[in-house]
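# Structural characterization, general
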Amino acid sequence: MGKPTDKELYERIQMKDKAALELMYDRYEKLLYSLAYRITKDPHFSEEVMQDVFMKLWNGKGAGQYNEDKGKFSSWLLTVTRNTSIDLLRKKKEVEYQWDERDSLQEEIPSVEKEVEDQEKRDELTEAMDTLPDEQQRMIYLFYFQGLSQQNISKVCELPVGTVKGRIRLALKKLRENLATERRVDHGK
Amino acid sequence: MENKRCDYLIDYFNGLLSENDSRQFEQHLQQCEDCQKELQEFKALTEDLPLHMKQVDPPEGMKDRVLDHVMTNDPVPSNQFIKKKNSKLPIWSGVLAAALLLSVGVNIYTTVEMQQLSSENENLNAQLSDAQLAISELQEEQEDEEDTGVASPEQTASLVPLEENGFTGMATVTDNGEGPELLVQVQNMEALHGDEVYQVWLIEEETPVASGSFVIDEHGVGGVSYHMSGEMEQNWESVAVSKEPQPGNEQPEGEILLESEL
């Protein structure tokens, strides 16, 4: 028999099998929560993300609909979690913006030092980010962790809109290289 | 013009496009190989980033709260999702509790307890009372049998519709010391006409055995209990519900509507 695969569990969940949902939850709780927490930086928001994500899984429609065209299940589930997280972040910010719309973009500019300090525990990703030039760190932060629009990234970083996509891609590629190097160094130790 | 569409890639990736723009971009995507490649690249570059993050511990009790949230907000609630308030038991115990309570429906205390439990959700409450009423009625017919033992569920299974028809149901095998009993309850079923009945089948190696039939009330709720005496040794694989043109069929004429493995 062995452990059911993610796909098997997903299919059982679509048949409204609660035990399967629980198994799926146990399998992914920590990983998904960590991602949501990294993005929202708030335990309550992160829990809200978890509720949303598992609701989507249970309903299996729209954003919660998985098929093999969407790639590996775990990658897909992480994408759903990221999207749900940045969506929630955006909604919470919209509420804040009603108070002070003009300054909103200013607040988006992360201080790289602060970002690093905020990470009580450093991890591979932080280390790899750390070795990137500030501008590249900022591109990744605004694009991946904040989910800002191309237009907003261009404003915040004072870059022409047309160059944003290329810069993000470059920063992401560099990040991947750093991650790969780190792995090698670690294994060498 | 084509170029302009390619500029939407970042906002599409971040889910920022309106539904309409998103659909238009997807149409564009089918024709634009550059965008396909680029989107694939962005996915590949980002998809394993979370795996390099330090994992943090979720707050205590989150699992129960999250799963509870999913069950209580399910757009198609079924009476399996009852949970005792402040219960330390995992949410799934609600399934057993509901099944157990239903299975001792003969006991008059059950009514009180059922209503207490189900007061958490008024919708469920209404549906449950209906289901319970149907079962009580059926059991009144068999009152001469005087059940005094407490039944406990040996097996429970959700009956799953074979196509998107909204029907839901549950099958429970209980035993109160007088031999196994199969309990089937359903809801959201479509109305019956003429002599039509819903028929329960126990299936072993694709051979169905008629195991009780029932009709439903005006809310589409119904159920039946069936003594499995002498047949329990058999290794039933699944239980199914079909709609039959008349009661008493030995073989199904209608198609299977709900099914569950046992």
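Presented here is a report on the structure given in the accompanying data block. Here the structure is a predicted model, which means the values were calculated and not measured. (Residues numbered from 1 in each chain as written. Chains lettered and ligands numbered in written order. Predicted model: local features only at pLDDT ≥ 70, side-chain atom pairs only at ≥ 80, totals over all residues. Heavy atoms only, no water.)

### Some remarks on the overall build of chain A
- Broken down by element type, chain A carries 10 helices and 0 strands.
- When the helices and strands of chain A are placed in sequence order, the string is α-α-α-α-α-α-α-α-α-α.
- Every one of the 189 residues in chain A was classed for burial, and the buried ones make up 48%.
- Surface exposure of chain A reaches about 10000 Å², of which carbon and sulfur atoms provide 50%. (Helix = DSSP H or I, 4+ residues; strand = E, 2+ residues; numbered from the N terminus. Buried < 20%, exposed > 50% of the residue type's maximum accessible area, 1.4 Å probe, protein only. Areas by Shrake-Rupley, 256 points an atom, 1.4 Å probe, with all protein chains shown as cover.)

### Notes on unusual backbone geometry
Residue and element names in this part refer to chain A.
- Positive phi, close to 55°, is recorded for Lys-41, a residue that is not glycine.
- Note that Lys-41 resides in the loop between helix H2 (18-40) and helix H3 (43-59).
- Backbone geometry places Glu-158, a non-glycine residue, at a positive phi of 50°.
- Along the polypeptide, Glu-158 turns up in the loop between helix H9 (150-156) and helix H10 (161-188).
- Overall, Glu-158 belongs to the exposed group, its relative accessible area being 74%.

### Quick notes on the packing of aromatic side chains
Residues and elements named next belong to chain A.
- The full count for this structure, using the stated rule, is 16 aromatic pairs over all chains.
- For the pair Tyr-28 and Phe-73, a centre-to-centre distance of 6.3 Å together with 55° between the ring planes defines the contact as tilted. Remark: Phe-73 occurs in helix H4 (residues 73-97) and Tyr-28 occurs in helix H2; sequence separation between them is 45 residues.
- Under the relative-accessibility criterion, Tyr-28 is labelled buried at 7%.
- Since its relative accessible area comes to 5%, Phe-73 is described here as buried.
- A network of ring pairs unites the aromatic residues Tyr-10, Tyr-28, Tyr-66, Phe-73 and Trp-76 as a single cluster. (Phe/Tyr/Trp six-rings, centres within 6.5 Å; stacked < 30°, edge-to-face > 60°.)

### Considerations on the interface of chain B and chain A
- The interface of chain B with chain A comprises 45 residues on the first partner and 49 residues on the second.
- Roughly 4700 Å² is buried in total at the junction of chain B and chain A, and carbon and sulfur atoms are behind 65% of that figure.
- One can count 9 salt bridges joining chain B with chain A.
- Between Glu-38 of chain B and Lys-165 of chain A there is a salt bridge, and its shortest N-O distance comes to 3.2 Å.
- The interface formed by chain B and chain A includes 24 residue pairs in polar contact (both at pLDDT 80 or more).
- For the side of chain B that touches chain A, the secondary-structure elements that each account for two or more residues are helix H2 (9-13), helix H4 (33-46), helix H5 (62-72) and strand E1 (152-161) of chain B.
- Residue contributions to the side of chain B that touches chain A peak at 8 residues, all from H5 of chain B.
- When its residues are assigned to classes, the side of chain B that touches chain A shows 25 nonpolar, 9 polar and 11 charged. (Contact = heavy atoms within 4.5 Å. Buried area = accessible area lost by both parts, 1.4 Å probe. Salt bridge = Lys/Arg side-chain N within 4 Å of Asp/Glu carboxyl O. Polar contact = N/O pair within 3.5 Å; in protein donor to acceptor, adjacent residues only side chain to side chain. Nonpolar A, V, L, I, M, F, W, Y, C, P; charged D, E, K, R; others polar.)

### What about H4 of chain B?
Residues and elements named next belong to chain B.
- In a regular helix each residue adds 1.5 Å, so 14 residues correspond to 20 Å; H4 covers 20 Å between its end C-alpha atoms and thus fits that length.
- Among all positions in H4, only Cys-35, Glu-38, Leu-39, Phe-42, Leu-45 and Thr-46 are buried. Here the buried residues of H4 occupy an arc of 130° about the axis, which is enough to place them on one side. Of the residues in H4, the exposed ones pointing more than 90 degrees away from the buried face are Glu-33 and Lys-37. (Expected span 1.5 Å × (residues − 1). Arc of directions from axis to C-beta.)

### Topic: the state of the cysteines
Residues and elements named next belong to chain B.
- What the rule picks out here adds up to 0 disulfides over all chains.
- No disulfide involves Cys-6; its nearest neighbouring cysteine sulfur is the one of Cys-35, lying 3.5 Å away.
- Among the residues examined, Cys-6 registers a relative accessible area of 13% and is labelled buried. (Disulfide = S-S within 2.5 Å.)

### With respect to the side chain of Thr-81 of chain A
All names here are of chain A.
- Within the secondary structure, Thr-81 sits in helix H4.
- A polar side-chain atom of Thr-81 sits 2.8 Å from the main-chain carbonyl oxygen of Leu-77.
- Apart from the residues within four sequence positions on either side, Thr-81 is in contact with Leu-32, Leu-35, Val-49 and Val-53.

### Overview of the sheet that holds strand E7 (residues 238-244) of chain B
All names here are of chain B.
- Across the sheet, which stays open at both edges, the 8 strands sit in the order E5-E4-E7-E8-E1-E2-E3-E6 with antiparallel pairing between neighbours. Of all the strands in the sheet, the pair left with one neighbour each is strand E5 (207-214) and strand E6 (222-227). This sheet shows a mean twist of 25° between the axes of neighbouring strands, independent of strand direction.
- Sheet analysis places E1 next to strand E8 (residues 256-261), joined by 2 bridges and oriented antiparallel. Paired with Pro-161 across the bridge in E8 is Leu-258. (Pairing = 2+ DSSP bridges. Axes fitted to C-alpha atoms, helices over the stretch in contact; angles between N-to-C directions.)

### Details of the pattern of salt bridges
- Across all of its chains, the model carries 20 salt bridges over all chains by this definition.
- Between Lys-7 of chain A and Glu-68 of chain A there is a salt bridge whose closest N-O contact spans 3.7 Å. Within this pair, whereas Lys-7 of chain A is found in helix H1 (residues 6-14), its partner Glu-68 of chain A is found in the loop between H3 and H4, the two being separated by 61 residues in sequence.
- The salt bridge partner of Glu-22 of chain A is Lys-63 of chain B, with a shortest N-O separation of 3.0 Å.

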